[in-house]
Amino acid sequence: MDQPTSRTPVRLLSGSGMLLDGIARGEFRVAVTFAGQGVGWIDDLAELDRALPSVRRLVDAADATLVELGAERAFAWSGHLPSGWPLARWVRDPAARPATHALAGTVVSQPGIFLAQVARWVWLVEQGFGAAFAAGHVVALTGHSQGVMAALLAAESPRGNIAPERLQAYVRAMAWQALSMAQSAGPHGVRTDAASPMAAVAGPDLATLEALVARATHGFTGAARPVVALHNTRTRHVASGPVTALRAVHAALETTAKREADLRKQGRLGGRPLQFTWEWLDVGAPFHGPAMADGLTAMLAQATRDGFSIPLNTLCVPVLSPATARPYATDEVVGEVLADEFVRPVRWSATVAALAALADVVLDLGPGDGVAKLAAANLRGSGRRVVPLGTSEGRRLLLDRAGPGPLPDDWSEARPRLVRRADHSIGVANRFTAATGQPPVLLPGMTPTTSDAPIVAAAANAGFWSELAGGGQPTENILRLRLDELTGLLEPGRGFIFNALFLDPWLWDLQIRRGLLVKARAAGVPIDGITVSAGIPEVADAVRWVRQWQAAGIRHIAFKPGTLAQIEQVCRIARELADVTLFAHVEGGKAGGHHSWEDLD
């Protein structure tokens, strides 16, 4: 099996015709993903069972296996199958289904989710996706948590022709895996009221959350040790562990958030105080953590007894591990896959980033669109499209003959790059250097540091964007003298930028409203630009001033937003001045910006 290599994907600015046809023609390279636990599955499976005879045959095969397993003592006496395991009847007769919580239980849901994913894969192939697979346009598959098992079977079955016996082997493995996980949890999986052994935490990044978990739960060891089990996005994670340990984590988050909020009010903390949300998940075990170690041992033994194997050479396309973000590479894949599903964390952010290096389009086969949304969040700004085929809208995007529309914005187009200059030295080029002809390094206006002429002249003469701090020019006489001094120090052809404080009504009136800078420019003072700092004007006022400045020959106009609201205001100004190149000097409080208390990371 060939290993995937990072490449520059084929990109179209807009879809022309059906997305599926474009994929088959090689206009897009595609990756396929599958969801993990905790998603509804039976309605999707029932829909596909009604629509496709091929799926109906697979449901019948799976049903035979599960009914047989349900009669075995290990399952029948487990307490996890109070209604037996008549899968086909549940799928085809909604009235016969057990309660929703029974269908969502680990032992029932894992094989059910897997079968729903396989059914969607068969549906996709029958729509014509097999041609893309055969032509090599499908570059990788993966799954979030248990979804990797569906990815592996799909990689074995590029034409969708899944032998019933092979499906039954996977279904049997999924059932034993689910039972092993449920039994491995033991007392660590006990729920208390709404609290469960897994909780979704949004807000802190991974390093912050892991440090807090370690600090708050240092007394919990072995199987009771909580971990950050799912790394879904940069600021969305799932903690896994006994309820008592997770309560300690929640308390530590609350304490830290309150302390940092108090410090912020006292003016002793810059940036953004810790903010978080906490949601107990509807699960019965602390998955992807040390509490699953005994279950992993049991499942490895069961796989050996059953002769269940996944040889690497049976995979027709690379399958990425959701724990390492790399393709499985051992000759026998089962051991690695089971470790990923039982005890290793799901590093979804890294896995999706690996897909983005290979593909233009990610097709997520669900069920649902939860994992597709996580993928889209991680791929924002990459120009990659995520299509959630677990939803009717996603299926419409795939099959609509009008085409799916333009690919999302690709922010990498603004990424700095290395260039070789005329003198053979290496420099950095980006939109700033293209617009100014200067290196992407600024001497910012800052009173009192850059209120005097010599330092501003030195930076300007060296070829840099150099700002004179308007805060140090409090009277008309001082301003005129400073401009004259600076003009005398500048080499021919050099200019400087004037940093004007919007928050200071006196200075703004003196320097801007009364037009002293415009008059100075008309008199020959080499004012190349104006940076508006410490606040952003209203849109109409900003547009009027920018037009006035440009008419006077002041080329470079910058705004220095320090809050999210100010960034949005600058964007509104830019939309009204679409013919003008504007600069935004984002000033976040975390980095020391003295006009911002917001963490703008």
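Heads up: the structure comes first, above all this text.
Because the structure is a prediction, the values reported are computed rather than measured.

Asks: Can you lay out the overall build of the protein chain for me, pointing to particular residues and giving the numbers?
Replies: Across its full length, the protein chain carries 23 helices and 17 strands. In terms of overall dimensions, the protein chain has C-alpha extents of about 95 × 55 × 45 Å along its principal axes. Across the protein chain, every contact between residues at least 6 apart in sequence was considered, and the portion connecting residues at least 24 apart equals 74%. Summing over all exposed atoms, the protein chain offers an accessible surface of approximately 26200 Å²; the carbon and sulfur share of this is 54%.

Asks: Could you give an account of the pattern of salt bridges, with specific residues and numbers?
Replies: Overall, the coordinates contain 22 salt bridges when judged by the stated rule. The shortest N-O distance in the salt bridge between Arg344 and Asp340 comes to 2.8 Å. Classification of Arg344 by relative accessible area gives partly exposed; the value is 26%. Its relative accessible area of 2% is what places Asp340 among the buried residues. Salt bridges linked by common partners bring Asp49, Asp60 and Arg92 together as one network.

Asks: Before we move on, can you summarise the side chain of Gln473 with the specific residues and values?
Replies: On the secondary structure map, Gln473 appears in the loop between β13 (465-469) and α19 (476-489). Judged by its relative accessible area of 0%, Gln473 falls in the buried class. With sequence-adjacent residues up to four places away left out, Gln473 is seen in contact with Ser451, Leu468, Ile478, Leu479, Arg482, Phe498, Leu507, Leu510 and Gln511.

Asks: Please give an account of the nonpolar core that cites residues and values.
Replies: In summary, soluble globular proteins display a tendency toward joint burial of nonpolar side chains. Of all hydrophobic cores here, the largest spans 119 residues; its most connected members are Phe129, Leu167 and Leu363. Tallying contributions element by element places helix α7 (residues 106-134) first for this core, with 16 residues. The residues contacting Leu363, other than those within four sequence positions of it, are Ile23, Val30, Ala31, Val32, Thr33, Leu124, Phe129, Val387, Leu389 and Leu398. Membership of the second largest hydrophobic core comes to 36 residues, among which are Ala457, Leu483, Phe498 and Ile530.

Asks: Before we move on, can you summarise a nonpolar patch on the surface with the specific residues and values?
Replies: The grouping of Leu418, Ile426 and Val428 at the surface amounts to a nonpolar patch, some 290 Å² of accessible area in total. Considering the arrangement of structural elements, one finds Ile426 in strand β11 (residues 426-429).

Asks: Just give me the short version of the sheet that holds strand β14 (residues 496-501), but keep the residues and values in it.
Replies: The strand order across the open sheet built from 6 strands is β12-β13-β14-β15-β16-β17, with neighbouring strands paired in parallel fashion. The outermost strands of the open sheet, each flanked by one partner alone, are β12 (442-443) and β17 (582-584). For strand β15 (residues 527-533) and strand β16 (residues 556-559), the ladder comprises 4 bridges, and the chain directions are parallel. Note on β16: the bridge partner recorded for Thr531 is Ala558. On top of the sheet, helix α18 (residues 453-461) reaches β12, β13 and β14; it is set at about 165 degrees to β13, its chief contact. Seen against the sheet, helix α20 (residues 505-513) touches β14 and β15 and runs at an angle of roughly 140 degrees to β14.

Asks: Hey, could you go over α19 for me, with residue numbers and the actual values?
Replies: In this model, α19 (14 residues) spans 20 Å end to end at C-alpha, consistent with the 20 Å of a helix rising 1.5 Å per residue. Regarding α19, the residues found buried are Leu479, Arg482, Leu483 and Leu486. Down the axis of α19, the smallest arc covering the buried residues is 100 degrees, so these residues share one side. Away from the buried face of α19 by more than 90 degrees, exposed residues Asn477, Leu481, Asp484 and Gly488 are located. For α19, the secondary structure elements touched by its buried residues are α18, β13, β14, α20 and α21 (516-522).

Asks: With reference to specific residues and values, describe the packing of aromatic side chains.
Replies: The geometry of two aromatic rings is summed up by the distance between their centres and the angle between their planes. For the structure on display, the rule yields 12 aromatic pairs. Their ring planes at 80 degrees and their centres at 5.3 Å tell us that Trp278 and Trp280 sit as a pair that is edge-to-face. Given the relative accessible area of 16%, Trp278 is considered buried. For Trp280, a relative accessible area of 23% gives the class partly exposed. Residues Phe432 and Phe583 carry aromatic rings whose centres are separated by 5.7 Å and whose planes lie at 75 degrees to one another, so their mutual orientation is edge-to-face. Separated by 151 residues along the polypeptide, Phe432 in helix α17 (residues 431-436) and Phe583 in strand β17 bring together distant segments of the chain. An aromatic cluster of at least three residues, connected via ring pairs, comprises Phe75, Trp85 and Trp176. Arg73 extends its terminal NZ or CZ atom over the ring of Trp77, reaching a point 4.6 Å from the ring centre. Note that Arg544 overlies the ring of Trp545, its terminal NZ or CZ placed 5.3 Å from the centroid.

Asks: Quick one: what's the story with the pairing of strand β10 (residues 417-420), residue by residue and with numbers?
Replies: For a regular strand, the rule is simple: side chains alternate between the two faces of the sheet. For β10 and β11, the ladder comprises 4 bridges, and the chain directions are antiparallel. Its bridge partner lying in β11, Val419 is registered against Gly427. The turn linking β10 back onto β11 is made up of 5 residues, and His424 within it adopts a positive phi angle of 75 degrees.

Asks: Could you give me a rundown of α20, with the residues and numbers involved?
Replies: Those residues of α20 that sit buried are Leu507, Trp508, Leu510, Gln511 and Ile512. With a side-chain oxygen positioned 3.1 Å from the backbone nitrogen of Trp506, the residue opening α20 is Asp504. Remark: Gly515 follows α20 within two positions and exhibits a positive phi of approximately 75 degrees.

Asks: Describe the packing of helix α14 (residues 348-356) against helix α15 (residues 370-379), with residues and values.
Replies: Direction vectors running N to C along α14 and α15 enclose 70 degrees, while the axes themselves pass 9 Å from each other. In this view, α14 runs roughly perpendicular relative to α15, as classed from their interaxial angle. For the element pair α14 and α15, the recorded crossing hand is right-handed. Of the residues in α15, those in contact with Trp348, Ser349, Val352 and Ala356 of α14 are Val371, Leu374, Ala375, Asn378 and Leu379. When its residues are assigned to classes, the contact of α14 with α15 shows 7 nonpolar, 2 polar and no charged.

Asks: Break down the sheet that holds strand β1 (residues 30-34) for me, citing the residues and quoting the values.
Replies: Note: strands within a sheet are paired through backbone hydrogen bonds, in either parallel or antiparallel orientation. Here 4 strands make up an open sheet; going across it, the order is β2-β1-β8-β9 and the pairing parallel. Each edge of the open sheet is held by one strand with a lone partner, namely β2 (138-143) and β9 (385-388). In this sheet, neighbouring strand axes are inclined to one another by 20 degrees on average, regardless of whether the strands run parallel or antiparallel. Direction of pairing for β1 relative to strand β8 (residues 361-364): parallel, over a ladder of 4 bridges. Looking at β8, one finds that Ala31 is bridged to Val362. The sheet contacts of α7 involve β1, β2 and β8, and relative to β1 the element is tilted by about 175 degrees.

The rules behind these values
- Residues numbered from 1 in each chain as written.
- Predicted model: local features only at pLDDT ≥ 70, side-chain atom pairs only at ≥ 80, totals over all residues.
- Heavy atoms only, no water.
- Helix = DSSP H or I, 4+ residues; strand = E, 2+ residues; numbered from the N terminus.
- Contact = heavy atoms within 4.5 Å.
- Areas by Shrake-Rupley, 256 points an atom, 1.4 Å probe, with all protein chains shown as cover.
- Salt bridge = Lys/Arg side-chain N within 4 Å of Asp/Glu carboxyl O.
- Buried < 20%, exposed > 50% of the residue type's maximum accessible area, 1.4 Å probe, protein only.
- Core = buried A, V, L, I, M, F, W, Y, C linked by side-chain atoms within 4.5 Å.
- Patch = residues over 30% accessible without salt bridge, like charges linked within 9 Å, V, L, I, M, F, W, Y side chains within 5 Å.
- Pairing = 2+ DSSP bridges.
- Axes fitted to C-alpha atoms, helices over the stretch in contact; angles between N-to-C directions.
- Expected span 1.5 Å × (residues − 1).
- Arc of directions from axis to C-beta.
- Phe/Tyr/Trp six-rings, centres within 6.5 Å; stacked < 30°, edge-to-face > 60°.
- Lys NZ or Arg CZ within 6 Å of the ring centre and 35° of its normal.
- Polar contact = N/O pair within 3.5 Å; in protein donor to acceptor, adjacent residues only side chain to side chain.
- Parallel < 35°, antiparallel > 145°, perpendicular 65-115°, else oblique.
- Left-handed = near helix turned anticlockwise from the far one by under 90°.
- Nonpolar A, V, L, I, M, F, W, Y, C, P; charged D, E, K, R; others polar.

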